[in-house]
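Architecture at a glance
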Amino acid sequence: MSDRMIRPFLFNCKDRLTLVFNPVKSRFWFRRFCDRLALGCGSAILTVKDRGNEPARQSTGMTALRKYDRLEATGLWRDTADAQRREVIVSIGDATLIISDLNDRAITHWSLAAVEKAPASGNGSVAFHPDGDPDEVLELASDEAAMIEAIDTLRRAVARARPKQGRLRWFGMGLSASAVAIILVFWLPGALVDHAMRVVPHVKEAEIGAALLAQIERVSGQPCSTVEARPGLVALAGRTGVARVVVLSTGVREALALPGGTILVNRNLVEDYEEPDVAAGYILVEQTRSAGQPPLRALLEHAGPRATGTLLTTGSLPPRVLEAFAEDQLAQAAVELPAETLLPAFAAAGVRSTPYARARDISGEATLQLIEADPMAGQDPTPIMKDRDWLQLQAICEN
């Protein structure tokens, strides 16, 4: 059949169907089908998209709800505030609201993202208008509830998908605040302590050690001191390589290192043993322990970034910080060090490790390695001090 024969036949089909079906309420399925066939033969009839075969819509994704694809309704529309209202057909397209005349010719398209709902009227109808143009109005009767619900649903869906004003700014501010908080919590304290360890001079460190000793004396009492025992203390400090040795009656369990190189020892280490190697051994162990964790660093880490900042700005630490650290150190048990770490310190000082090992465990089972690998075994090391000085040192706390 030729093109000239098909086209009049299709137009006749369209006209007959128009007479049979109500042009307002009909879905126009057959008319659109005829239009599509006529267009395929070269007709200039208006094209209507085959929504059943189109791919998923990419614009908003909201009009992809298939239950609204063929929904149509009648309504009253006006272009301007002074224009007369006319009866139109309303349908839902690709992210748009299509307003057509009764002959299915599109009059206008409203973007679903820009459809606004007008205030309710007294007659029960619902009015819509484009955003920013309240003079152009589409009014739907209350019996068109399906279309009204569809428009409201799609408007809400589009509103949810729309970027919220200021959300990106708040997200950026929150991200920046989180980064700053992470820096303050995790990086800043360690950075402050590292900087303080580099810039605090040894003289200031010794002053901090003296202030810390004053806090400890509130618990332990005054350090033991006699003129006769002073040579023994000097010899003990010189042999072990520390700045100063202080003997306390109570408070310190064994030995404790302070900032500035001062080592506190309990009076039992000099009174209960016959040779100074035991006290020297405890001092060497505490010195080795403090080499891995300097006392000033331990103090600043315990005090926190605020106190560290105070030290950097004023050159001193608050007394309450020193008091809290002193209490913590006196109550805390010393960390045991392996023999592999201790033996080089005994060898460098020329001090026998066996007396210290026997003082820690008289049976020698727990400190067997220190006994068997004593660096001074089979040698005759130089005495730490004279016997007379050792006897005077043992009597340092008697008065």
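See the structure printed just above.
The paragraphs below set out a description of the structure included in this document. (Residues numbered from 1 in each chain as written. Predicted model: local features only at pLDDT ≥ 70, side-chain atom pairs only at ≥ 80, totals over all residues. Heavy atoms only, no water.)

**Things to note about the overall build of the protein chain**
The secondary structure content of the protein chain amounts to 15 helices and 10 strands. Within the protein chain, residue pairs in contact and separated by at least 24 positions form 58% of the contacts whose partners lie at least 6 positions apart. Carbon and sulfur atoms make up 56% of the accessible area of the protein chain, which amounts to about 22,400 Å² in all. (Helix = DSSP H or I, 4+ residues; strand = E, 2+ residues; numbered from the N terminus. Contact = heavy atoms within 4.5 Å. Areas by Shrake-Rupley, 256 points an atom, 1.4 Å probe, with all protein chains shown as cover.)

**Topic: the sheet that holds strand β9 (residues 255-257)**
Reading across the sheet, the three strands line up as β8-β10-β9 and stay open at both edges, with mixed pairing between neighbours. Edge positions in the sheet fall to β8 (244-248) and β9, since each of these pairs with one other strand and no more. When strand polarity is set aside, the average angle formed by the axes of neighbouring strands in this sheet is 20 degrees. Here β8 pairs with strand β10 (residues 262-266) via five bridges, running parallel. From the neighbouring strand, Val247 faces β10, where its bridge partner is Val265. Contacts between helix α5 (residues 202-220) and the sheet are confined to β8, β9 and β10, with β8 contributing the most and set at about 20 degrees to the helix. (Pairing = 2+ DSSP bridges. Axes fitted to C-alpha atoms, helices over the stretch in contact; angles between N-to-C directions.)

**Some words on the packing of α5 against helix α11 (residues 319-331)**
At a minimum axis separation of 9 Å, α5 and α11 run at an interaxial angle of 65 degrees. As α5 runs across α11, the sense of the crossing is right-handed. On the side of α5, the interface is formed by Ile208, Ala211, Leu212, Gln215, Ile216, Arg218 and Val219, while α11 contributes Pro319, Leu322, Glu323, Phe325, Ala326 and Leu330. For the contact of α5 with α11, the per-class residue count stands at 10 nonpolar, one polar and two charged. (Left-handed = near helix turned anticlockwise from the far one by under 90°. Nonpolar A, V, L, I, M, F, W, Y, C, P; charged D, E, K, R; others polar.)

**Quick word on the pairing of strand β6 (residues 126-130)**
The buried fraction of β6 amounts to five of the five residues, a majority that puts the element mostly inside the structure. Here β6 shows a buried face lined by Val126, Phe128 and Pro130 and a second buried face lined by Ala127 and His129. Bridge count between strand β5 (residues 115-117) and β6: three bridges; the pairing is antiparallel. The residue of β6 that forms the bridge with Glu116 is His129. As paired strands, β6 and strand β7 (residues 137-140) are joined by three bridges and run antiparallel to one another. Bridged to Ala127 within β7 is Glu139. (Buried < 20%, exposed > 50% of the residue type's maximum accessible area, 1.4 Å probe, protein only.)

**Quick look at the layout of surface pockets**
Taken as a whole, the largest pocket encloses approximately 630 Å³ of empty space. Looking at which element gives the most residues to the lining of the largest pocket, the answer is helix α8 (residues 277-292), with five residues. In terms of residue class, the lining of the largest pocket is made up of 14 nonpolar, six polar and seven charged. (1 Å grid on protein atoms, 1.4 Å probe; cavity = no way out; pocket = protein on both sides within 12 Å on 5 of 7 lines; lining within 4 Å. Points joined across faces, edges and corners; volume = space filled by probe spheres on them.)

**Notes on the sheet that holds strand β1 (residues 72-78)**
Read from one edge of the open sheet, seven strands run β4-β3-β2-β1-β7-β6-β5, paired in antiparallel fashion. Edge positions in the open sheet fall to β4 (106-111) and β5, since each of these has one partner strand only. Shown here is a sheet whose adjacent strand axes are inclined to one another by a mean of 35 degrees, direction ignored. Across five bridges, strand β3 (residues 96-100) lies against β4 in antiparallel orientation. Among the inter-strand pairings, Leu97 is bridged to a residue of β4, identified as Trp110.

**A word on the pattern of salt bridges**
Using the criterion set out here, one finds 13 salt bridges in the structure. With a closest N to O distance of 2.9 Å, Lys204 and Glu207 form a salt bridge. A residue pair is termed a helical-turn pair when its members lie 3 or 4 positions apart in one helix, as Lys204 and Glu207 do in helix α5 at three residues. Judged by its relative accessible area of 24%, Lys204 is partly exposed. Glu207 gets classed as partly exposed once you look at its relative accessible area, which sits at 43%. Here Arg352 makes a salt bridge to Glu275, at a shortest N to O gap of 2.6 Å. You can see Arg352 sitting in the loop between α12 (339-349) and α13 (354-360) and its partner Glu275 sitting in the loop between α7 (268-271) and α8, a full 77 residues away along the chain. Among the residues examined, Arg352 registers a relative accessible area of 27% and is labelled partly exposed. Overlapping salt bridges bring together Asp194, Arg297 and Glu301 as one network. (Salt bridge = Lys/Arg side-chain N within 4 Å of Asp/Glu carboxyl O.)

**Re the nonpolar core**
In this structure, Leu236, Val245, Val247, Val265, Leu393 and Ile396 are the most contacted members of the largest nonpolar core, which totals 37 residues. Per-element tally for this core: the top contributor is α8, with seven residues. When neighbours within four sequence positions are excluded, Ile396 is seen to be in contact with Cys224, Ser225, Thr226, Ala229, Leu233 and Val247. Judged by nonpolar contacts, the second largest core, of 25 residues, contains Ile216, Leu248, Leu322 and Leu330. (Core = buried A, V, L, I, M, F, W, Y, C linked by side-chain atoms within 4.5 Å.)

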